[in-house]
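Chain by chain, the residues:
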Amino acid sequence: MVDLCLLNCKLPPKNIECSIAIENGKIVSINKIAPKCDETIDLEGKIVLPGLIDAHVHMRDPGLTHKENWKTGSMAAAAGGFTTVLDMPNTIPETNTPRAFREKLEIAREKSVVDFGLHASVEDPGEIQAISKLKPASFKVFMDTVGNGPLMEVFREVSSEIYEDHNETPNSKLKSKKPLISLHCEDKNITAHCTKSMMLKGEKPEIYADARPSIAEVVAVSSALAMAEYFNFPVHVCHVSTRKALELINRARSHGCKVTAEATPHHLFLDSGYLRKFGNLAKTNPPLRNRENNISIDDLPKIDIIGTDHAPHTIHEKKQNVWNAPSGIPGLETVLPLILTEINQGRLSFSQLERLLCQNPAKIFNIENKGFIKEGMDADFVVVDMKKEGVINPDKFHSKAHYSPFEGFKVKGKAVMTIVRGNVVMDDDEVFPNKGHFIYG
Ligand code: DOR
Ligand code: ZN
Ligand code: ZN
């Protein structure tokens, strides 16, 4: 007798109907005929995908909970089809000490309805070893605020042999992989220089793209690749926005550099014209680019993962002038309908979706037991209705941030149920209480 069976599931790409049996939060069998079980959910032939993993979210908790908190942010994740999120360290306090890391862990354990990991940042490289023991998803460096000198120290420390010796004993099963380095790639000097000169030119939101030009990303990515090669250490480039940077990354990769590339839905689907249309609601770092420089869904074969960079702010903050309004776009509740719409129109496939939003995030960030629908894996799923049509409406978001530059987009395809380790956390837009687990715990 198993705990739960999902009946009449269609698993892409073959779409053969099957039943998935779940026990103790794990997938125990995938068969045509369901075994005896305590409970069943009939999915009536709907598509079932692995629960989505977002490697790049800002839950704003602790310290910035007027923008979002672990409860509202993780409810947005569940509503959007995500079963795991990796949170960024730019909270108050920053997640850059063992104490801050533990404090955030406790809050997330208390409030998150989906599973989670935490990225750390670095203030004192001397603390990297101690933070590593707590298993951060990565060490994140914002190159728009940190120069190449301190970045080099992070590479030196994280990649060092000494640090490896301080891992578990060589034969221990617990011997963990080192956390990688993930980077916000915009050059500090170029962004500061260009922002200063653009500030003299007024307050129209569309001038923001020139305050942080494409070359700032290209220069930062070049430095990041040079360090990854020099220290022979893996680096993950967050939110690549320009085709040129993507080209550099793929060229370095073909020469053996350990680098992975992430793209956001807003850089894939929008361009700088949306700054004119939506004003500061479309303000984000790196900025949306003009069409010549912008990445698009045609570039997805060269991209490893989609991360939403869910970066909520209050409408009040966003209503300030372009130089004072904070940058960031909420993304957890819009990416899946946008991608499903592309699949419905034949421009993307379920295999691409699973590669970018499930399998690769699990592989890159060493998330065991997630990202795939297979026996033995966590029973994390998103069920989608490919026929459901609608319009993106930020008023309906579970996030505290009720704005989006995707407002009004017509979409076809929607998450109708999200399941975390066998627990239904979202059914038909309603989100239910659940205790999310620390994925590296
Ligand atoms: O637009 C952005 N917003 N880019 C970042 O790198 C940070 C983020 C935030 O935290 O608001
Ligand atoms: Zn960033
Ligand atoms: Zn971010």
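Please read all numbers here as calculations on a predicted model, not as lab measurements.

A look at the side chain of S29
Here's step 1: Assignment of secondary structure puts S29 in strand β3 (residues 26-31).
Here's step 2: Classification of S29 as buried rests on a relative accessible area of 12%.
Here's step 3: Non-local contacts of S29, meaning those with residues more than four positions away in its chain, are made with S19, I20, A21, P35 and E375.

Looking at the nonpolar core
Here's step 1: Counting residues in each nonpolar core, the largest one holds 116 residues, and the members touching the most others are V85, F155, L183, L268, L353 and F365.
Here's step 2: Beyond its immediate chain neighbours, meaning those up to four positions away, L268 contacts A263, I295, S296, I297, L300, I303 and I306.
Here's step 3: Grouped together as the second largest cluster of nonpolar side chains are 19 residues, I20, L43, V48 and I419 included.

Observations regarding the coordination of the zinc ion (ligand 3)
Here's step 1: Of the protein atoms, only H56 (NE2), H58 (NE2) and D309 (OD) coordinate the zinc ion (ligand 3), at distances of 2.0 to 2.2 Å.
Here's step 2: Along the chain, the residues that donate to the zinc ion (ligand 3) are spaced as H-x1-H-x250-D.
Here's step 3: Here the zinc ion (ligand 3) and the zinc ion (ligand 2) are spaced 3.7 Å apart. Highlighted residues: H56 in strand β5 (residues 52-57) and D309 in the loop between β13 (305-306) and α12 (315-318), separated in sequence by 253 residues.
Here's step 4: Classification of D309 as buried rests on a relative accessible area of 5%.

Examining the state of the cysteines
Here's step 1: Under the counting rule described, the total for this entry stands at 0 disulfides.
Here's step 2: For the unlinked cysteine C9, the closest cysteine sulfur is that of C18, found at 5.1 Å.
Here's step 3: For C194, which is in no disulfide, the shortest distance to another cysteine sulfur is to C185 and amounts to 17 Å.

Points about the site of ligand 1
Here's step 1: The full set of residues close to ligand 1 is H58, R60, N90, F142, H184, T284, N285, A311, H313, S327 and G328.
Here's step 2: Between ligand 1 and H58 there is a distance of 3.3 Å, counted from an oxygen atom to a side-chain nitrogen or oxygen.
Here's step 3: T284 places a side-chain nitrogen or oxygen 3.2 Å from an oxygen atom of ligand 1.
Here's step 4: Burial of ligand 1 by the surrounding chains reaches 92%, relative to a free accessible area of 290 Å².
Here's step 5: Split by residue class, the shell around ligand 1 holds 2 nonpolar, 8 polar and 1 charged.

The rules we used
- Numbering of residues starts from 1 in every chain and runs along the sequence as written.
- Chains carry letters from A onward and ligands carry numbers from 1 onward, assigned in written order.
- For this predicted model, a pLDDT threshold of at least 70 governs which residues receive local features, and a threshold of 80 or more governs which side-chain atom pairs are given and counted, while totals over whole chains, interfaces and linings are taken from all residues.
- To get the side-chain values, all heavy atoms of the structure are used, and hydrogens and water are removed first.
- Note on conventions: DSSP H or I runs of at least 4 residues are helices, E runs of at least 2 residues are strands, and numbering of each starts at the N terminus.
- A 1.4 Å probe rolled over the protein chains alone gives each residue an accessible area, and that area as a share of the maximum for its type sets the label: buried under 20%, exposed over 50%, partly exposed in between.
- Residue contacts are counted whenever heavy atoms from the two residues lie within 4.5 Å of one another.
- What is meant by a nonpolar core is a set of buried Ala, Val, Leu, Ile, Met, Phe, Trp, Tyr and Cys residues, joined one to another through side-chain atoms within 4.5 Å.
- Counted as donors are N, O and S atoms no farther than 2.8 Å from the metal, or 3.2 Å for Na, K and Ca; water is not among the atoms, and sites may therefore look incomplete.
- Two cysteine sulfur atoms form a disulfide, by the criterion used here, when they sit within 2.5 Å.
- Here, proximity means that at least one heavy atom of the residue falls within 4 Å of the molecule or strand.
- Polar contacts, as counted here, are pairs of nitrogen or oxygen atoms within 3.5 Å of one another; within protein the pair requires one atom able to donate a hydrogen and one able to accept it, and residues that are adjacent in sequence qualify only if both atoms are side-chain atoms.
- Using a 1.4 Å probe, the Shrake-Rupley method yields the accessible areas, and only the shown protein chains count as cover for residues.
- Each residue is assigned to one class: nonpolar for Ala, Val, Leu, Ile, Met, Phe, Trp, Tyr, Cys and Pro, charged for Asp, Glu, Lys and Arg, and polar for all the others, Gly among them.

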